[in-house]
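Next come the chains, spelled out residue by residue.
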Amino acid sequence: MTVATPSEHHGHDAEHHPDLRVPGLLTFLISESLMFGGFFATYLFFRQTTDVWPPEGTEVELLVPTINTIILVSSSFVIHFGEMAIKKNNVAGMQWWYKVTAVMGAMFLLGQVYEYLTLGYGMTANVFANCFYIMTGFHGLHVFVGLLLILGVLKRSQRPGHYSATKHTGIEMAEIYWHFVDIIWIVLFTLLYVLTQF
Amino acid sequence: MTQTELPRNTPPDKNPQVAVTHTAHPKKWKWYDYFTFNIDHKVIGIQYLVTAFLFYLIGGLMAIAIRAELATPDADILDPNLYNAFMTNHGTIMIFLWIVPSAIGGFGNYLVPLMVGARDMAFPKLNAIAFWLNPPAGLLLLLSFLFGGSQSGWTAYPPLSLVTAPVAQSLWILAIVLVGTSSILGSLNFVITILMMKVPSLKWDQLPLFCWAILATSVLALLSTPVLAAGLVLLLFDLNFGTSFFKPDAGGNVVIYQHLFWFYSHPAVYLMILPIFGIMSEVIPVHARKPIFGYKAIAYSSVAICVVGLFVWVHHMFTSGTPGWMRMFFTISTLIVAVPTGVKIFAWVATLWGGKIRFTSAMLFAIGLLSMFVMGGLSGVTMGTAPFDVHVHDTYYVVGHFHYVLFGGSVFGIYAGIYHWFPKMTGHKLNEFLGRTHFFLTFIGTNLTFLPMHELGLQGMPRRVAMYDPQFTSLNEICTIGAFILGLSVIPFTINILWSWSRGEVAGDNPWRALTLEWTTSSPPLIENWEVLPVATHGPYDYGHSPEAQPTATPEVSA
């Protein structure tokens, strides 16, 4: 028998609607990391089955990517300061840290473009170059999306009262996405740059 | 997307007296609402079902053309390239645009929020986006015929896919990436809806088995679909941008594609059958008037299929130079999947045992499914063992097997679901006479078409060919006759749907006297499902325990 008790008897507005965006985003990111997983598996397969890896003439350079790694990893801390600021209701502080993160993200992308221009070989050179450009390119695309999310947060934070200590899910989501991009990069950097030195 | 952005919410007002204003909403959607970017899960569910059915008709016409061609040993109706294009797109459309979207997208969207007592899915707009990715994907596939048609089979194995009709193949890849995205977005919606939005009164061990099945399906889709996307992106780059991932002469390797492909596409067979298992677990107890046998065993076996299903993909690659230890591992893991599947089959049979079976069309299709799926499952076990698989690889035995599973399993299940839930969706019952006609034509047609294929395969007829040795002619003729009967079977069904939708017998809220929550609202349900959210006070399958406790939660009672 299905009955309504008086406590449930006041329409939808009083019904509890939890904000499900964060678990939704996490689920999506688990799924997306599997796509990178597919690329990583492909890369590792070629690495195992090719004698000289990377083939001669397509070695990676290390300086710019290492600087890039430092920038991206530290930006993950910077963006977290932004979240800590908004939890203390400090919108200006949040904006400052998010702007710094955006600049760092843009520097990372510029560094990647610079690396592409100076490497001396293109995507079609050999299987290593194929993997290199696909993996870093897809990651770069994700950094770009993360950058757009941060800029979106900054734009929305212009509206008075849009974010506050109790209302900052959008900020949190941009941060989670940024951490995701960072984690993927750490795996990618290990595979593409560190492991090719051995 | 916040909950407050949804149009369904009147301005937040905690005053209980004001809450009555929501009754000012229209009670029903108009017909044109179904052609818009509507965010109601019920509209989206029907959009999925109807679109998928249209694609089923298109894919079915392709199948009939293929069977007409195969009625004779020579290629005299379709030229071989066109035959390949039909064969490829038949498989692609049936899997990606008919079974998966109707079973998961259609029934899942329509039923999951109703079954867990929610007003909508967790992310309604995302849900609508997920649906609207499907029609363009289908159009891309049809468009590919202008460029020669994708011809490499639904697996698109390189190097074949790299040498046939490149534009058509690229369109094919884009179409699959679209439906894959749709599937990922839909799945994350289901996971969050089921985990987070069920009414508190509904305990986990009272969750309808269909929801368990959709949960397992969604997890599987979330984990496997992106891997296919990775593989397809690499294939797209090979086709168009000069990379050589899958070009052996330039250092690439075709077997990697097979791994990436089957890591998704083997789980895809569970994506097609797990929701159907869920439908079976709903239909059988209702029409047999018995509590389902082994609720927990059925729920956990869905989860087990989901987990083990991720570790069996290599059985599609036993003949791809797979080393012996892998064949061993994947033979064993493949055979293990038969265990949770068997658990379900036995649970359904045990539910039927001694039940007061009502032979409605829904029940007929469910029982038909049971018999045919056992057959398909057993031939699957034979092929899961590497030695036998090597023998029948790429023969019609394989075609016969997977059509028993996909047609005798999934399609029968979708039909059973439609006959069962049509009264809820439209407020009208389907005509039983037409339903039975539909069932018997389908049942005879399926067996006539696909049973001889096993024999053809054992005799060595290769699959994916437009011409064959004349010794196979007579069996192929039987298959073709069966295929035409299958084609005919759609006619009474379509008439039934169209006629019953407008003038069928009025069903009432709960024509089957079922106990799951979706039957506690009106038929068709109100726009926000319930005036007042229901409270579950008994299990979903407690038939016969307390005969007087039939669900009677009409708005009057609630009020």
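Residues numbered from 1 in each chain as written. Chains lettered and ligands numbered in written order. Predicted model: local features only at pLDDT ≥ 70, side-chain atom pairs only at ≥ 80, totals over all residues. Heavy atoms only, no water.

By the naming in an unreviewed UniProt entry, chain B goes by Cytochrome c oxidase subunit 1 and is assigned to Nostoc piscinale CENA21. Listed in UniProt under the heading Sequence similarities (unreviewed entry), the comment for chain B reads: "Belongs to the heme-copper respiratory oxidase family." Quoted straight from UniProt, the Catalytic activity (unreviewed entry) entry for chain B says "4 Fe(II)-[cytochrome c] + O2 + 8 H(+)(in) = 4 Fe(III)-[cytochrome c] + 2 H2O + 4 H(+)(out)". (UniProt positions renumbered as here; feature names shortened; annotations may be inferred.)

Labelled according to an unreviewed UniProt entry, chain A appears under the name Oxidase aa(3) subunit 3, originating from Nostoc piscinale CENA21. The heading Subcellular location (unreviewed entry) in the UniProt record of chain A holds the text "Cell membrane". We quote the UniProt Sequence similarities (unreviewed entry) comment for chain A here in full: "Belongs to the cytochrome c oxidase subunit 3 family."

Participant: For this particular structure, what's the right way to read the overall build of chain A?
Facilitator: Scanning chain A from terminus to terminus reveals five helices and zero strands. Shown N-terminal to C-terminal, the secondary structure of chain A runs as helices and strands in the order α-α-α-α-α. Its C-alpha radius of gyration of 21 Å places chain A more than 25% over the 16 Å reference for a compact globule of 198 residues. In chain A, which comprises 198 residues, the proportion classed as buried is 51%. Long-range pairs, those at least 24 residues apart, make up 81% of the contacts in chain A between residues at least 6 apart in sequence. On chain A, roughly 9,200 Å² of surface is accessible, and the fraction owed to carbon and sulfur atoms is 69%. (Helix = DSSP H or I, 4+ residues; strand = E, 2+ residues; numbered from the N terminus. Rg over C-alpha atoms; globule rule 2.2 N^0.38 Å. Buried < 20%, exposed > 50% of the residue type's maximum accessible area, 1.4 Å probe, protein only. Contact = heavy atoms within 4.5 Å. Areas by Shrake-Rupley, 256 points an atom, 1.4 Å probe, with all protein chains shown as cover.)

Participant: Looking at this model, I keep getting lost on the packing of helix α8 (residues 254-288) of chain B against helix α11 (residues 361-384) of chain B. Mind explaining?
Facilitator: Pairs of packed helices are described in terms of their axes, by the angle between the two and the distance that separates them. All names here are of chain B. α11 packs onto α8 with a crossing angle of 130° between their chain directions and a minimal axis gap of 9 Å. Judged on the interaxial angle alone, α11 and α8 are oblique. The handedness of the crossing between α8 and α11 comes out as left-handed. Mapping the contact onto sequence places Ile273, Ile276, Phe277, Met280, Val283, Ile284, His287 and Ala288 in α8 and Ala362, Met363, Ala366, Leu369, Leu370 and Phe373 in α11. Taken together, the residues of the contact of α8 with α11 sort by class into 13 nonpolar, one polar and no charged. (Axes fitted to C-alpha atoms, helices over the stretch in contact; angles between N-to-C directions. Parallel < 35°, antiparallel > 145°, perpendicular 65-115°, else oblique. Left-handed = near helix turned anticlockwise from the far one by under 90°. Nonpolar A, V, L, I, M, F, W, Y, C, P; charged D, E, K, R; others polar.)

Participant: Could you clarify how one ought to interpret the UniProt feature "transmembrane region" (unreviewed entry) in chain A in this entry?
Facilitator: All names here are of chain A. In the numbering used here, UniProt assigns the "transmembrane region" (unreviewed entry) feature to residues 25-46, 66-84, 96-114, 134-155 and 176-195. Each end of residues 25-46 is marked by a C-alpha atom, and these two atoms are 32 Å apart; helix forms 100% of the span and strand 0%. Taken end to end, residues 96-114 is 100% helix and 0% strand, and its two terminal C-alpha atoms sit 27 Å from one another.

Participant: How should helix α9 (residues 295-309) of chain B be read in this particular structure?
Facilitator: Every α-helical turn comprises 3.6 residues, leaving residues that sit three or four positions apart pointing alike. All names here are of chain B. For α9, built from 15 residues, the straight-helix expectation of 21 Å at 1.5 Å per residue is met to within 8% by its first-to-last C-alpha distance of 21 Å. By the burial criterion, the buried members of α9 are Tyr295, Ile298, Ala299, Ser301, Ser302, Ile305, Cys306, Val308 and Gly309. On its buried face, α9 is in contact with α7 (209-240), α8 and α10 (324-352). (Expected span 1.5 Å × (residues − 1).)

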